[in-house]
Amino acid sequence: MGLKTDFLSQSDICAIYKCLDGHIHVKYRALDITMDPEEFFQVAEVFTDALDSLRKVAERADEKINLRDLSVTLKA
């Protein structure tokens, strides 16, 4: 890895940065994963899909039910 890094994004526990060698690094706590840009795009796509799935689940949990729109069958 080169001496200089170009931070693309960072927070308290993780960071994504590019080194002078052109590798993308994903650092989470003590873990530092190095990948080429093509691999990074694949990993980023998987994370994006996971975020979309989690958001959909959260949105469904937040939906309010309108009782007038429900069809109910009485059990005899």
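Residues numbered from 1 in each chain as written. Predicted model: local features only at pLDDT ≥ 70, side-chain atom pairs only at ≥ 80, totals over all residues. Heavy atoms only, no water.

Q: Just to check I follow, could you spell out the sheet that holds strand S1 (residues 5-10) for this structure?
A: Strand pairing in a sheet is mediated by backbone hydrogen bonds. Such pairs are either parallel or antiparallel. One open sheet holds the four strands; their spatial order is S1-S2-S3-S4, and the pairing between them is antiparallel. Here the strands that pair on one side only, and so sit at the sheet edges, are S1 and strand S4 (31-35). Each neighbouring strand pair of the sheet contributes to a mean axis angle of 25°, computed without reference to strand direction. Both strand S3 (residues 24-28) and S4 contribute to a ladder of five bridges, which runs antiparallel. Directly across from Tyr-28, in S4, lies its bridge partner Leu-31. (Pairing = 2+ DSSP bridges. Helix = DSSP H or I, 4+ residues; strand = E, 2+ residues; numbered from the N terminus. Axes fitted to C-alpha atoms, helices over the stretch in contact; angles between N-to-C directions.)

Q: How should I be thinking about the pattern of salt bridges in this particular structure?
A: Oppositely charged side chains can pair when the atoms bearing their charge come close. Applying the stated criterion to the full structure yields one salt bridge. Between Arg-55 and Asp-52 there is a salt bridge, with its nearest N and O atoms 4.0 Å apart. With Arg-55 and Asp-52 both in helix H1 (residues 37-62) and three residues apart, the pair spans about one turn of that helix. (Salt bridge = Lys/Arg side-chain N within 4 Å of Asp/Glu carboxyl O.)

Q: Looking at this structure, I do not really get the packing of aromatic side chains. What am I missing?
A: The description of two aromatic rings rests on the distance between their centres and on the angle between their planes. Under the defined criterion, the tally for this structure stands at two aromatic pairs. For the ring pair Phe-7 and Tyr-17, a centre distance of 5.4 Å and an interplane angle of 45° mean the geometry is tilted. Separated by ten residues along the polypeptide, Phe-7 in strand S1 and Tyr-17 in strand S2 (residues 14-19) bring together distant segments of the chain. (Phe/Tyr/Trp six-rings, centres within 6.5 Å; stacked < 30°, edge-to-face > 60°.)

Q: I keep staring at the confidence of the model for the protein chain and nothing clicks. Help me out?
A: Regions with low pLDDT carry predicted coordinates that are not meant to be interpreted in detail. Taken over all residues, the pLDDT of the protein chain has a mean of 85, while the share at 70 or more is 74%. When pLDDT is averaged over each element of the protein chain, S4 comes out on top at 96 and H1 at the bottom at 89. (pLDDT = per-residue confidence, 0-100.)

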